[in-house]
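Each chain, written out:
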Amino acid sequence: MLKGLGNIGIVFLVVFILLLGYSLIQTVKQPGSNPNLLGYQLMNVLSDSMDPIFHAGDMVVLSDEVDSVKVGEIITFKQEGGTLVTHRIISEQMTEQGTVYETKGDANNVADEGFVKREDIYGAYSFHIPMAGSVAMFLKSPSGWVVLGAIPLLYVTIIWMRKLYVQRREQNPT
C-alpha cells in the first residue's frame, strides 16, 4: 500500500515540475502574459467585485473561446491602460465598429465605465478554484520559492529515511 502511494507521489511531483517548468518557459518567452495550456489560462482574482461567484484570492480558469460570448456570461477583458478585469456582460450593442459589450461586477452597484470591444476580450470564464490564487501569489514570493523547493526535498528525504529504516530492520530483526 505505501509503496503504491510513493509511486503516485512521484508521478504527481514529476507532473507538477513539468507544469511549473512549462509555465516558467512561457512566462520568459512572453513576459507580461499568462501561460496558455490547451486553450485555457489561469488568472488570480484580486478583488471581490464578482462576489458571490468568486472572491479575492480565488483563481479563475479562462477559455480562449471568446467568439460566441453573450449577455450573462463572465469575461476577462483589457481596460484602457492594460488592466485586466473579470466581470459579467450585462448588455450588447451593435455599432459601426462591431459589437461592444457593457460589463458590471456582480457586487458592484453600477456598470463599468465605457464599453468592451470584442478584440479587448482576453478570455471567457470557465470555472474557478477557491483560494488557489492566494496560494499562487505566495508561491511566487521568495518565501514561496523556499517552500516550493523544500516540499520535494522533504518528500525525497522521507522516502530515503523510510528505505533506510526498512533495510536496518531487515538486517537486525528482533
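Nothing here was measured: the structure is a model prediction, and the numbers come from that model.

Structural notes on the pairing of strand β3 (residues 59-63)
Okay, so step 1: Here β3 lies mainly inside the structure; five of its five residues are buried.
Okay, so step 2: The alternating pattern of β3 places Met-59, Val-61 and Ser-63 and Val-60 and Leu-62 on opposite faces, both of which are buried.
Okay, so step 3: Pairing of strand β2 (residues 40-44) with β3 involves five bridges; the strand directions are antiparallel. Residue Tyr-40 lies in a different strand from β3, and its bridge partner there is Ser-63.

So, the pattern of salt bridges
Side chains bearing opposite charge may pair, as long as their charged atoms lie close to each other.
Okay, so step 1: Taken as a whole and assessed by the stated rule, the structure comprises two salt bridges.
Okay, so step 2: The salt bridge involving Arg-88 is made with Asp-106; its shortest N-O contact spans 2.8 Å. Note that Arg-88 is positioned in strand β5 (residues 84-95) and Asp-106 in the loop between β6 (98-104) and β7 (116-117), a separation of 18 residues in sequence.

Re the nonpolar core
Okay, so step 1: Ranked by size, the top nonpolar core spans 10 residues in total: Val-66, Val-69, Ile-75, Phe-77, Val-85, Ile-89, Tyr-101, Val-116, Ile-121 and Ala-124.
Okay, so step 2: Looking at this core, the elements with two or more residues in it are β4 (74-78), β5 and β8 (121-129).
Okay, so step 3: When neighbours within four sequence positions are excluded, Ile-75 is seen to be in contact with Val-69, Val-85, Thr-86, His-87, Ile-89, Thr-103, Val-116, Ile-121, Gly-123 and Ala-124.
Okay, so step 4: Counting residues in hydrophobic clusters, the runner-up holds seven residues, among them Met-43, Phe-54, Leu-62 and Ile-74.

Notes on the packing of helix α2 (residues 132-140) against helix α3 (residues 142-171)
Okay, so step 1: As a packed pair, α2 and α3 sit with axes 4 Å apart at the nearest point and diverge in direction by 95 degrees. Taken as axis vectors, α2 and α3 run roughly perpendicular relative to one another. Taking contact as the criterion, the partners of Phe-138, Leu-139 and Lys-140 in α2 are, on α3, Pro-142, Ser-143, Gly-144, Trp-145, Val-147 and Leu-148.
Okay, so step 2: The residue inventory of the contact of α2 with α3, partitioned by class, reads six nonpolar, two polar and one charged.

So, the pairing of β5
For a regular strand, side chains alternate in direction, first toward one face of the sheet and then toward the other.
Okay, so step 1: Here five bridges tie β4 to β5, and the two strands are oriented antiparallel to one another. In the sheet register, Thr-76 faces β5, and the bridge partner there is Thr-86.
Okay, so step 2: The antiparallel hairpin formed by β4 and β5 contains five residues in its connecting segment, where Gly-81 sits at a positive phi of about 95 degrees.
Okay, so step 3: Two successive antiparallel strands, β5 and β6, enclose a turn made up of two residues.

What counts and how
- Residues numbered from 1 in each chain as written.
- Predicted model: local features only at pLDDT ≥ 70, side-chain atom pairs only at ≥ 80, totals over all residues.
- Heavy atoms only, no water.
- Buried < 20%, exposed > 50% of the residue type's maximum accessible area, 1.4 Å probe, protein only.
- Helix = DSSP H or I, 4+ residues; strand = E, 2+ residues; numbered from the N terminus.
- Pairing = 2+ DSSP bridges.
- Salt bridge = Lys/Arg side-chain N within 4 Å of Asp/Glu carboxyl O.
- Core = buried A, V, L, I, M, F, W, Y, C linked by side-chain atoms within 4.5 Å.
- Contact = heavy atoms within 4.5 Å.
- Axes fitted to C-alpha atoms, helices over the stretch in contact; angles between N-to-C directions.
- Parallel < 35°, antiparallel > 145°, perpendicular 65-115°, else oblique.
- Nonpolar A, V, L, I, M, F, W, Y, C, P; charged D, E, K, R; others polar.

Purely geometric numbers; function is a separate question.
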